[in-house]
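Secondary and tertiary structure notes
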Amino acid sequence: MEKFTTHSGRVLPLRRSNVDTDQIIPAVYLKRITRDGFEDGLFAAWRKDPDFVLNRPQFEGATVLVAGPEFGTGSSREHAVWALQNYGFRVVISPRFADIFRGNSFKGGLLTVELPEGVVERIWALAETDPGAEVTVDLRTRTVDFADESVAFELDEYARWRLLEGLDDVGLTLRHTDSVDAFESARPSWMPRTVAL
Amino acid sequence: MVAEAEPRTLAEKVWESHIVRRAEGEPDLLYIDLHLVHEVTSPQAFNGLRDAGRSVRRPDLTLATEDHNVPTLQIDRPIADPVSRTQVEALRKNCAEFGVPLYPLGSDEQGIVHVVGPQLGVTQPGMTVVCGDSHTSTHGAFGALAFGIGTSEVEHVLATQTLPLKPFKTMAVTVEGELPADVTAKDLILAVIAEIGTGGGQGYVLEYRGSAIEKLSMEARMTVCNMSIEAGARAGMIAPDATTFDYLKGRPKAPSGSDWDAAVAWWSSLPTDDGATFDREVVIDASRLSPFVTWGTNPGQGLPLSSSVPDPTQIADPAERSAAERALEYMELVPGTPLSAIDVDTVFLGSCTNGRIEDLRVAAEILQGRHVADGVRMLVVPGSVRVRLQAESEGLDQVFTGAGAEWRHAGCSMCLGMNPDQLAPGERSASTSNRNFEGRQGKGGRTHLVSPQVAAATAVTGRLTSPADLAVRAGGSAANA
């Protein structure tokens, strides 16, 4: 996974709450068997509307998506994270994320930042009045800077360390194979198996 | 060992019995007892293993089936959509290469992954169960800790049979009292979601408890736990009891003989101890519930069927108000319209929420001697081949086709429309599935979530209808009975 330290970019103000995973990428776009090429599916239904914020030329090239609360509710599809990344987003800011989406975002190196609704409102207002304005998200200092504000955000220390280092979870866990072996040897023999080996 | 003496919740007991490794400042490393796999969220995970030269650590704790993409008609032919076919073929190839058992289309054990696990008896109390699918919460009905994961985590479980996780918070959802007639597990869970909201369960494992929950059948409990994710929760659980043990006994993967006794002894120790505390508690009075339907575009936007489309101007919270306005615009609904006056084109009976045999039975009972309204299409999609065969042995398929409904093969089907079973733009469905998101059942389609009973009654009248109203209105159609 690519390391994440700091990112500066322009904002896509998505003034909607409950942006569910079926809006981020509808199911019919989930059929690829690779991790790339999902940008076509991003907000596919909403993009049909020429007025949709993603279609407005002033926001072209934005890399920081700022949305209302309950972003990413619904499905466990990691394709939602890939679609955002494939399209070019590096950071998503929302007052609140759905759990599975948030977990997936950290696995893939997309930084999701929770900020209070009032701050989100001010970032929206900034982007709408000045689409060229940049927001800087610094994972090292856990701050989001925009206009003349610097706002701190919370992030679990372990998740932050993984992102900063660009670490692969499987590799980390495989260091503890002895513990897994020990656990397995103590499991009751009657626990179900799906196939006889 | 502080925890030993303290009263613990069901979720805490299952969690603590699966800790492989706990270290300060790190997530717990949790052992996974069962990993369910399907074609949509696994190909990139298998690719990851292949790229890193890794194997599947425990193929014997892994089970794959084909459900999301599969057609429900002409299943003996190659899948017509080449992209769907490629994805299904990738699963077959990956399972063969890594030694993972697979129930493919055409097998008697194929079906929606969350219907297949329980019916095989491979889902048992006290287990940890994961799948790259958010409705994995279904398996919590057995007192298992079961939750959906993303593809990176699928790869992690394939490689290590573990997951690094931070403990979840616990929420008790206590439902006391007696559910009125015609009020089902589906109505109950829709009411719970409307109560706590689509984000209210975030970070929590919900434990459904109380007298109304204890009286539910295993299948009804699965319906409740299935939709925990719709309240934003990581998982939903119900304490194992005699109902659970009766359901499991004799299933192909359930323990037998002295193993059964050992298993029951452990399972019986799992229910939440008296005096254990939850991080949050919600209490619902079952006797006040009635058939419930959604009017909007998230599962929290639901109301009793006897009420009317809400007026957004009456909603105080600005975010909720604008969400309601958007939802009504998308759903093309006018505030104040009685919900029972909403016409539908399509009725979908199926999914991991309501595609089991009891769901088909109650719907068939209502459709017996009645007919699907003119201009309405009703799809009946059993959750698994076993459910389909059972229904056919009971003659339910004849009731459905006799009423003018379509009797299909098993799969996820119109719940998410990854196969050809989709709503056309502007079409409106009454659906026993779990999500009413914009376009969920097909681009531009509109979904009202309902119980199987309401689905069947709605099919008869062509508008959202409770079974009780059908009986009153029956006059004409009863003559056909």
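To start, this report covers the structure provided alongside it. (Residues numbered from 1 in each chain as written. Chains lettered and ligands numbered in written order. Predicted model: local features only at pLDDT ≥ 70, side-chain atom pairs only at ≥ 80, totals over all residues. Heavy atoms only, no water.)

As for the overall build of chain A
- On a plain count of helices and strands, chain A comes out with seven helices and seven strands.
- The dimensions of chain A, computed from C-alpha atoms along their principal axes, are 65 × 40 × 25 Å.
- Within the span of chain A, comprising 197 residues, buried residues form 57% of the whole.
- Once local pairs closer than 6 in sequence are excluded, the contacts in chain A between residues at least 24 apart make up 69%.
- With the model as given, the accessible surface of chain A reaches about 8000 Å², and the carbon-plus-sulfur share is 47%.
- Computing the positive centroid from 23 side-chain charges and the negative centroid from 31, chain A places the two 4 Å apart. (Helix = DSSP H or I, 4+ residues; strand = E, 2+ residues; numbered from the N terminus. Buried < 20%, exposed > 50% of the residue type's maximum accessible area, 1.4 Å probe, protein only. Contact = heavy atoms within 4.5 Å. Areas by Shrake-Rupley, 256 points an atom, 1.4 Å probe, with all protein chains shown as cover. Lys, Arg positive; Asp, Glu negative; His and termini not counted. Charge placed at Lys NZ, Arg CZ, Asp CG, Glu CD.)

Quick look at helix α5 (residues 151–160) of chain B
Residue and element names in this part refer to chain B.
- For α5, the buried fraction is high: ten of the ten residues fall into the buried class.
- All of the buried residues in α5 are Thr151, Ser152, Glu153, Val154, Glu155, His156, Val157, Leu158, Ala159 and Thr160.
- Just beyond α5, the residue with positive phi is Gln161, at close to 60°.

Section: the environment of Ala90 of chain B
- Mapped onto the fold, Ala90 of chain B is located in helix α3 (residues 82–98).
- A residue is classified by how much of its surface remains accessible, and Ala90 of chain B, at 11% relative accessible area, is buried.

Points about the packing of aromatic side chains
- Inspection of every chain in the model, using the stated rule, returns 19 aromatic pairs over all chains.
- Taking the centre distance of 5.8 Å and the plane angle of 65° together, the rings of Phe43 of chain A and Phe52 of chain A count as edge-to-face.
- On the numbers, 5.3 Å between centres and 70° between planes, the contact of Phe71 of chain A with Phe101 of chain A is edge-to-face. Taken together, the residues span a long stretch of sequence, with Phe71 of chain A in the loop between β2 (64–67) and α2 (79–87) and Phe101 of chain A in helix α3 (residues 99–108) at a distance of 30 residues.
- The buried category is assigned to Phe71 of chain A, whose relative accessible area is 0%.
- Residue classification places Phe101 of chain A among the buried positions, given a relative accessible area of 2%.
- Aromatic ring contacts, followed pair by pair, group Trp190 of chain A together with Phe245, Trp260, Trp266 and Trp267 of chain B into a single cluster.
- A cation sits over an aromatic face here: Arg251 of chain B above Tyr247 of chain B, 3.8 Å from the ring centre. (Phe/Tyr/Trp six-rings, centres within 6.5 Å; stacked < 30°, edge-to-face > 60°. Lys NZ or Arg CZ within 6 Å of the ring centre and 35° of its normal.)

With respect to the nonpolar core
- In terms of nonpolar packing, the biggest core is built from 109 residues, with Phe43, Phe71 and Leu84 of chain A together with Phe400 of chain B touching the most fellow members.
- Each residue touching Phe400 of chain B, except ones within four places of it in the same chain, is listed here: Leu349, Leu360, Ala363, Ala364, Leu367, Val380, Ala405 and Trp407 of chain B. (Core = buried A, V, L, I, M, F, W, Y, C linked by side-chain atoms within 4.5 Å.)

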